[in-house]
Amino acid sequence: MRSQIFRSARSFIYAAAKQSSRSFSCGRAAAGGAAFSSRGRVSSLALFGSFESGNAYKGWISGALALPAAAFMLQEQEGYAAELERTFIAIKPDGVQRGLISEIISRFERKGFKLVAVKIVIPSKDFAEKHYHDLKERPFFNGLCDFLSSGPVLAMVWEGEGAIKYGRKLIGATDPQKSEPGTIRGDLAVVVGRNIIHGSDGPETAKDEINLWFKPEELVNYTHNTEKWLYESEDAVRTTLRVMHRIKDKIG
């Protein structure tokens with residue numbers, strides 16, 4: 001593990017220095033790194049350094065202990081990014097009309113997921129057909145679209161580790177009669193045709209549904225105060241990756 005970290009760090013440092021000497025005559029770039037404790041866990045986050053004319057290494061020296069971990073985490077960014085995901089959740093007209101909005105939202109909040117987009121809309125029939133396009137060949141398709149467009153829908157995007165898969169667990173089985181007690185449908189719904197909530201069933205579906213219901217500018221990026229209590233050291237990991245991406249962009 002440690003040898004892999006230092007190999008990754010060494011490669012990153014050489015590449016950064018080489019790019020710096022070609023691209024910078026002067027200027028500054030911030031870099032971030034997470035220092036590992038003796039057990040290999042993220043223990044601190046440091047901001048360090050600047051690139052100066054003729055001395056590309058100067059800014060990296062003060063962060064020498066932090067850079068190996070940061071470089072390794074940058075290399076592994078896809079793995080971390082896959083853990084923090086967004087899912088589309090909609091409270092259907094029956095859930096809205098029954099006054100279950102606060103009950104449903106509270107379940108996602110108590111789990112630790114973060115609300116990053118929300119709006120209430122009355123979808124048109126055409127829009128409902130786009131949402132349920134994958135069910136177009138099913139005999140119940142028309143009735144499904146009629147129902148979704150029959151009243152207000154609360155559309156939401158929730159973010160968190162495992163938000164798609166566990167969001168479905170919070171919701172429960174499509175048929176409320178088969179949903180476990182403790183799930184939203186298991187506790188609050190009775191029949192399939194009035195199962196009060198929709199949730200994305202996979203990464204591609206989540207992406208498509210979020211893009212259908214929300215414009216990019218309607219999605220909010222922010223750090224919730226509870227994240228440090230939810231993800232242990234993962235908040236430091238993600239902060240490191242964001243900072244490392246910024247310096248990577250600066251050096252090409």
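Residues numbered from 1 in each chain as written. Predicted model: local features only at pLDDT ≥ 70, side-chain atom pairs only at ≥ 80, totals over all residues. Heavy atoms only, no water.

Per an unreviewed UniProt entry, the protein is named Nucleoside diphosphate kinase, and its organism is Castilleja foliolosa. UniProt's Subcellular location (unreviewed entry) comment on the protein is quoted here verbatim: "Plastid, Chloroplast thylakoid lumen". Turning to the protein, the UniProt record has this under Sequence similarities (unreviewed entry): "Belongs to the NDK family." (UniProt positions renumbered as here; feature names shortened; annotations may be inferred.)

**Student:** Just to check I follow, could you spell out the confidence of the model for the protein for this structure?
**Tutor:** As a general rule, the predicted coordinates of low-pLDDT regions are not to be interpreted in detail. Taken over all residues, the pLDDT of the protein has a mean of 76, while the share at 70 or more is 59%. Across residues 1-7, where pLDDT falls below 50, the model places ten contacts with residues more than four positions away in sequence or in other chains. A low-confidence stretch, residues 20-54 (pLDDT under 50), is modelled with 85 contacts involving residues beyond four sequence positions or located in other chains. (pLDDT = per-residue confidence, 0-100. Contact = heavy atoms within 4.5 Å.)

**Student:** For this particular structure, what's the right way to read the sheet that holds strand β4 (residues 114-121)?
**Tutor:** Note: strands within a sheet are paired through backbone hydrogen bonds, in either parallel or antiparallel orientation. Pairing within the open sheet is antiparallel, and its four strands lie in the order β4-β5-β3-β6. At either end of the open sheet lies a strand with only one pairing partner, and these are β4 and β6 (197-199). On average, each strand axis in the sheet is inclined to that of its neighbour by 20°, with strand direction left out of account. Relative to strand β5 (residues 153-161), strand β3 (residues 84-91) is paired through eight bridges, and the arrangement is antiparallel. In the strand pairing of β5, Ala-90 is matched with Ala-155. (Pairing = 2+ DSSP bridges. Helix = DSSP H or I, 4+ residues; strand = E, 2+ residues; numbered from the N terminus. Axes fitted to C-alpha atoms, helices over the stretch in contact; angles between N-to-C directions.)

**Student:** Looking at this model, I keep getting lost on the pairing of β3. Mind explaining?
**Tutor:** Residues in a regular strand point their side chains to alternate faces of the sheet. Here β3 lies mainly inside the structure; six of its eight residues are buried. Of the pairings in the sheet, the one linking β3 to β6 comprises three bridges and is antiparallel in character. Directly across from Ile-91, in β6, lies its bridge partner Ile-197. (Buried < 20%, exposed > 50% of the residue type's maximum accessible area, 1.4 Å probe, protein only.)

**Student:** Is there a simple way to explain unusual backbone geometry in this structure?
**Tutor:** Where the residue is not glycine, phi is negative for most of them; where a peptide bond is considered, it is trans in most cases. Of note in the backbone geometry, Ile-196 takes a positive phi value of approximately 65° without being a glycine. Looking at the element boundaries, Ile-196 is found in the loop between α10 (184-188) and β6. Take Ile-196: its relative accessible area is 0%, and that puts it in the buried class.

**Student:** Even after reading the chapter, I still don't get the UniProt feature "active site" (unreviewed entry) in the protein, so can you show me in this structure?
**Tutor:** UniProt feature "active site" (unreviewed entry): in the numbering of this structure it lies at His-198. Within the element layout of this structure, His-198 appears in strand β6. His-198 gets classed as buried once you look at its relative accessible area, which sits at 13%. Among residues more than four places away in sequence, those in contact with His-198 are Phe-88, Ile-89, Ala-90, Lys-92, His-131, Ile-171, Arg-185 and Glu-209.

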